[in-house]
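Next come the chains, spelled out residue by residue.
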Amino acid sequence: MSPPVAPPGWSRWLVPPAALSVHLSIGQAYAWSVFKPPLESALGLSGTQSALPFQLGIVMLGLSAAFGGTLVERNGPRWAMTVALVCFSSGFLLSALGASLEQYWLIVLGYGFVGGIGLGIGYISPVSTLIKWFPDRPGMATGIAIMGFGGGALIASPWSAQMLESFGGDSTGIALAFLVHGLSYAVFMLLGVLLVRVPRTEKPVESGPSVLAGPQVSAKQAIRTPQFWLLWIVLCMNVTAGIGILEKAAPMITDFFADTSTPVSVTAAAGFVALLSAANMAGRIGWSSTSDLIGRKNIYRVYLGVGAAMYALIALFGDSSKPLFVLCALVILSFYGGGFATVPAYLKDLFGTYQVGAIHGRLLTAWSTAGVLGPLIVNWIADRQEEAGRHGASLYGLSFVIMIGLLVVGFVANELVRPVDPRHHVPAPKEAAHGRRQQSESA
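*Asks:* Teacher, can you tell me more about the overall build of the chain here?
*Replies:* When its secondary structure is counted, the chain shows 18 helices and zero strands. Scaling as 2.2 N^0.38, a compact globule of 443 residues should have a C-alpha radius of gyration of about 22 Å, and the chain matches this with 22 Å. Along the first, second and third principal axes, the C-alpha atoms of the chain reach 65 × 50 × 35 Å. Of all 443 residues assigned to the chain, the portion counted as buried reaches 54%. Across the chain, the fraction of contacts at a sequence separation of at least 24, relative to all contacts at a separation of at least 6, is 84%.

Printed below as a string of structure tokens:
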């Protein structure tokens, strides 16, 4: 299935809303924690078991993006958005059946495996199309779409909580909530499927740069370059640092100020989590747009260098000042979101637009790795410190030092990024033929 070519005069500003309809939907993944307590109560699950659908979903996101990236490039954004719609919505419908029958394995299969495939394909589906429509501002364009993934939980979290309150927290109520999610997201994502278009020419902006300007590298060749693996390290380190706070935000701020005269309440901790989500979302559009002005390497210097400084401030002075702790955490989470949104434009700068969606998909395996690494570092060390009799901020000191070290590693990797050697470039005639073939197939 190929998307229709945009008619003359069609506004490129209709493409970001199409992408947002998909990303706002699959961004529900960040709101999975709303379902954890009722699932544990209704099905007798442990905290580890109730986290499994989310964890499997993130793993499948990285794997499906990596292995499906070439198919997304070959078949176009409408095909990819359709696959994402079917998988993501079907995942909820399977989960609804599992909750109704009290068969937890169906929820894991549905939300984690099937829905996770929808997450990965949906996440990368609009990337190359947006870059082709906005060759003059690729950071801003991808930032708008990927902002939706970060902000999806701001909608899904209260919506899911309200449904569980209305339907009940038993297995029947959970099943109904899953069913409504599956049907509602199918309709919302369908808007993106119907709206998306590809540009008629290689220059969607009058007097703008060609989408095939500069070096063009295939996905197969890209993974053979040091630039790809350096960016893999950069993304993995940045995500590990951000998710280390995000995954344990509420208990972390509570522990930091538990021994002070002004401990943090449960309500305040929940508000802190909401603030982090907002920073994550704002960073995706704000920092990625800034990268169009100052360059991709410079913005990652900010993410990694300033991020390390923020971690150092929390480790040294965080337990003595709540405003300092909150401010530093918000900055780190804005860098976390910004890193996700900026990396497609960084890939475009290095490898061109030829197969940037497929390259982006392969790079997202760094996210899967970081999704395991970040929580493991913070939780494992905190558990060991607690067993040793420590408490409060001292539970996190060592993990913060490790995070600083990882960010330094990412900073060095970013400094080592250089233009791709011409021997990896796709020959110019092949690029032109590829562009003509895509247009003829779309027509």
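*Asks:* Could you clarify how one ought to interpret helix H8 (residues 171-195) in this entry?
*Replies:* One turn of the α-helix equals 3.6 residues, which is why residues spaced by three or four share an orientation. Its 25 residues give H8 an end-to-end C-alpha distance of 37 Å, which sits within 8% of 36 Å, the value for a rise of 1.5 Å per residue. Listed as buried for H8 are Ser171, Gly173, Ile174, Ala175, Ala177, Phe178, His181, Gly182, Tyr185, Met189, Gly192 and Val193. Where H8 is buried, its residues touch helix H1 (15-26), helix H2 (36-43), helix H4 (77-101), helix H5 (104-124) and helix H7 (138-167).

*Asks:* Honestly, the pattern of salt bridges in this entry has me stumped. Any pointers?
*Replies:* If the charged atoms of two oppositely charged side chains come close together, the side chains can form a pair. All chains considered together, the criterion is met by eight salt bridges. Here Asp136 and Arg137 are joined by a salt bridge, their closest N and O atoms 3.9 Å apart. Residue class for Asp136 comes out partly exposed when judged on its relative accessible area of 33%. By relative accessible area, Arg137 is classed as partly exposed at 33%. One salt bridge in this structure joins Arg384 and Glu387, with 2.8 Å as the shortest N-O distance. Here Arg384 pairs with Glu387, and both are found in helix H16 (residues 365-387), just three residues apart, close to one helical turn.

*Asks:* Please explain the packing of aromatic side chains as it appears in this structure.
*Replies:* Two aromatic rings, taken as a pair, are described by how far apart their centres are and by the angle between their planes. The final tally for this structure, using the stated rule, is 31 aromatic pairs. Geometrically, the ring pair formed by Phe228 and Trp229 is edge-to-face, given 4.9 Å between the ring centres and 85° between the ring planes. Residue class for Phe228 comes out buried when judged on its relative accessible area of 1%. Aromatic side chains Phe256 and Phe257 sit 6.4 Å apart centroid to centroid with 50° between the ring planes, which places their arrangement in the tilted category. As far as the burial class goes, Phe256 and Phe257 line up, both buried. In textbook terms, an aromatic cluster arises when at least three aromatic residues are bridged by ring pairs, as seen for Trp32, Phe35, Phe88, Phe92, Tyr111, Trp159, Phe178 and Tyr185.

Rules used throughout
Residues numbered from 1 in each chain as written. Predicted model: local features only at pLDDT ≥ 70, side-chain atom pairs only at ≥ 80, totals over all residues. Heavy atoms only, no water. Helix = DSSP H or I, 4+ residues; strand = E, 2+ residues; numbered from the N terminus. Rg over C-alpha atoms; globule rule 2.2 N^0.38 Å. Buried < 20%, exposed > 50% of the residue type's maximum accessible area, 1.4 Å probe, protein only. Contact = heavy atoms within 4.5 Å. Expected span 1.5 Å × (residues − 1). Salt bridge = Lys/Arg side-chain N within 4 Å of Asp/Glu carboxyl O. Phe/Tyr/Trp six-rings, centres within 6.5 Å; stacked < 30°, edge-to-face > 60°.

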